[in-house]
Amino acid sequence: MLRKFIPTVGVLLFAASVQADDPVTPAIPGVAAGGVVVELIKDGFKGTEGPIAHSDGSLLFTETQANNIVRIGPDDKVSVFLKNSNGANGLAWGAGGELYAVQTVKTQVGIVYPADKKKTLAEKFEGVEFQRPNDLVRANSGAIYFTDSGTRPTKEQPNPPPSHPGVFTISPSGELKRLANDIERPNGIQLSKDEKVLYVANTSGEHILAYDIAADGSIANRRNFAKLEGWKQGDDKAWSSGADGLALDDEGRLYVASNAGVEVFDAKGAALGVIPLPKKPQNLAFAGKDKKTLYVVGRGAAYKIPLLVQGISSRAK
């Protein structure tokens, strides 16, 4: 059930439906007022990834296992935006309203919407098919940056093919280049507000990575940008931060979906706080009419969190 809050003269008065054990935000100066309820929109989706703001104030995200792209309206109503998405995962908008996606059924990167603009931009690198295209971001220049997280053992496939993870770019002219192949499990990817820095989430690492972007789109000066509180040892004895999706607010703060919840960092990588959620988040995005609502999806659930700050204004995410 969706639970609401009512702001009044600087005080948050909660409706009677709020329960003592509801997840609430900690007080993060400039980001979140303390005690704001994390609202569950809906649970039970078959995969939850790739959220991105739509220009009409709604949110889109990918229901990966159902092969759909889902829309959450400003009124919280849920509908299917696009069927048969080819296993779309991360999403990005083009300047003309084209919806770009990394796709996991037939592994490729391209435009999935509208139908008359569908196009494949890349499906192989040096003759080898991508393994698990994961996330992408589109720069205002038209350049696309995306990750391929490679393969890893699962219950269904305990002995997968050798993993070839990487970070790639597709130039505005369509040229595909690999930027990095030394990240164990690259996942979420994001650009700084001025688009001079590329952030990459390494699910298997303790830090968010940052790179400087050169004029030709190449990257250099790899560094540990932010240390993740989600870094812990799992039941399988492997260490992981769970770092997944990334989002920016309009003041350059970075929001990271991790094992700990939503971790918030300032523009220099200093930790500001963690917003806990009932289920481990996978990805997140600012959306809504004023982009002051942070939507978080993960493990089949979709949540929204009203914040004090708005999402980045110069692009969709």
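For the structure itself, look to the data block above.
Engineer: Hey, could you go over the sheet that holds strand 5 (residues 59-63) for me, with residue numbers and the actual values?
Structural biologist: If you trace the four strands from one edge of the open sheet to the other, you get 4-5-6-7, paired in antiparallel fashion. Of all the strands in the sheet, just strand 4 (49-53) and strand 7 (78-83) have a single pairing partner and so form its edges. When strand polarity is set aside, the average angle formed by the axes of neighbouring strands in this sheet is 25°. Here five bridges tie strand 5 to strand 6 (residues 68-72), and the two strands are oriented antiparallel to one another. Among the inter-strand pairings, L60 is bridged to a residue of strand 6, identified as R71.

Engineer: Give me the lowdown on a positive patch on the surface, citing residues and values where you can.
Structural biologist: Residues R132, R152, K232, K280 and R299 make up a contiguous surface patch of positive charge. Locating K232 in the fold gives a position in strand 22 (residues 232-233). According to the relative accessible area criterion, K232 is partly exposed, its value standing at 45%.

Engineer: Give me the environment of L82: which residues, what numbers.
Structural biologist: Looking at the element boundaries, L82 is found in strand 7. Between the C-alpha atom of L82 and that of V70, which follows or precedes it by twelve residues, the distance is 6.9 Å. In this structure L82 touches N67, N68, I69, V112 and Y113, once residues within four positions along its chain are discounted.

Engineer: I'd like to hear about the pairing of strand 20 (residues 207-213), residue by residue, with values.
Structural biologist: Within strand 20, five of the seven residues are buried, leaving the element largely enclosed by the surrounding structure. As defined by bridge partners, strand 19 (residues 197-202) adjoins strand 20 across five bridges and the pair is classed as antiparallel. Bridging across to strand 20, L198 finds its partner in Y211. Turn length for the strand 19-strand 20 hairpin, with the two strands adjacent in sequence and antiparallel, is four residues. Of the pairings in the sheet, the one linking strand 20 to strand 21 (residues 219-227) comprises six bridges and is antiparallel in character. Counted as the bridge partner of A210 is R223 from strand 21.

Engineer: Tell me about the environment of V105, and name the residues and values.
Structural biologist: Structurally, the position occupied by V105 is in the loop between strand 9 (99-103) and strand 10 (108-113). The exposure class assigned to V105 is exposed, which follows from its relative accessible area of 60%. Sequence separation between V105 and I213 is 108 residues, and the spatial gap between their C-alpha atoms is 31 Å. With residues near it in sequence (within four places) discarded, V105 still touches N67, N86 and G87.

Engineer: Summarise the packing of aromatic side chains; cite the residues concerned and give the values.
Structural biologist: Inspection of the entire model under this criterion finds nine aromatic pairs. When the ring of F130 is compared with that of F168, the centres are 5.3 Å apart and the planes differ by 70°; the resulting orientation is edge-to-face. Linking F130 in the loop between strand 13 (128-129) and strand 14 (133-138) with F168 in strand 16 (residues 166-170), this pair joins segments that are 38 residues apart in sequence. Here the two residues F130 and F168 agree in accessibility, since each one is buried. Ring geometry for Y255 and F286: centres 5.2 Å apart, planes at 85°, overall edge-to-face. Of this pair, Y255 sits in strand 25 (residues 254-258) while F286 sits in strand 28 (residues 283-287), and the two are 31 residues apart along the sequence. For the residue pair Y255 and F286, the accessibility class agrees, reading buried in each case. An aromatic cluster of at least three residues, connected via ring pairs, comprises F125, F130, F146 and F168.

Engineer: Go over the pattern of salt bridges with me, naming the residues and quoting the values.
Structural biologist: All chains considered together, the criterion is met by twelve salt bridges. For K227, the salt bridge identified is with E206, shortest N-O distance 3.7 Å. Placement of K227 in strand 21 and of E206 in the loop between strand 19 and strand 20 is noted, with a sequence separation of 21 residues between them. Between R223 and D212 there is a salt bridge; the shortest N-O distance is 2.9 Å. One end of the pair, R223, is in strand 21; the other, D212, is in strand 20, with eleven residues separating them in the sequence. Among the residues examined, R223 registers a relative accessible area of 28% and is labelled partly exposed. Three or more residues joined by partner-sharing salt bridges are found here, namely D249, E251 and R253.

The rules we used
- Residues numbered from 1 in each chain as written.
- Predicted model: local features only at pLDDT ≥ 70, side-chain atom pairs only at ≥ 80, totals over all residues.
- Heavy atoms only, no water.
- Pairing = 2+ DSSP bridges.
- Helix = DSSP H or I, 4+ residues; strand = E, 2+ residues; numbered from the N terminus.
- Axes fitted to C-alpha atoms, helices over the stretch in contact; angles between N-to-C directions.
- Patch = residues over 30% accessible without salt bridge, like charges linked within 9 Å, V, L, I, M, F, W, Y side chains within 5 Å.
- Areas by Shrake-Rupley, 256 points an atom, 1.4 Å probe, with all protein chains shown as cover.
- Salt bridge = Lys/Arg side-chain N within 4 Å of Asp/Glu carboxyl O.
- Lys, Arg positive; Asp, Glu negative; His and termini not counted.
- Charge placed at Lys NZ, Arg CZ, Asp CG, Glu CD.
- Buried < 20%, exposed > 50% of the residue type's maximum accessible area, 1.4 Å probe, protein only.
- Contact = heavy atoms within 4.5 Å.
- Phe/Tyr/Trp six-rings, centres within 6.5 Å; stacked < 30°, edge-to-face > 60°.

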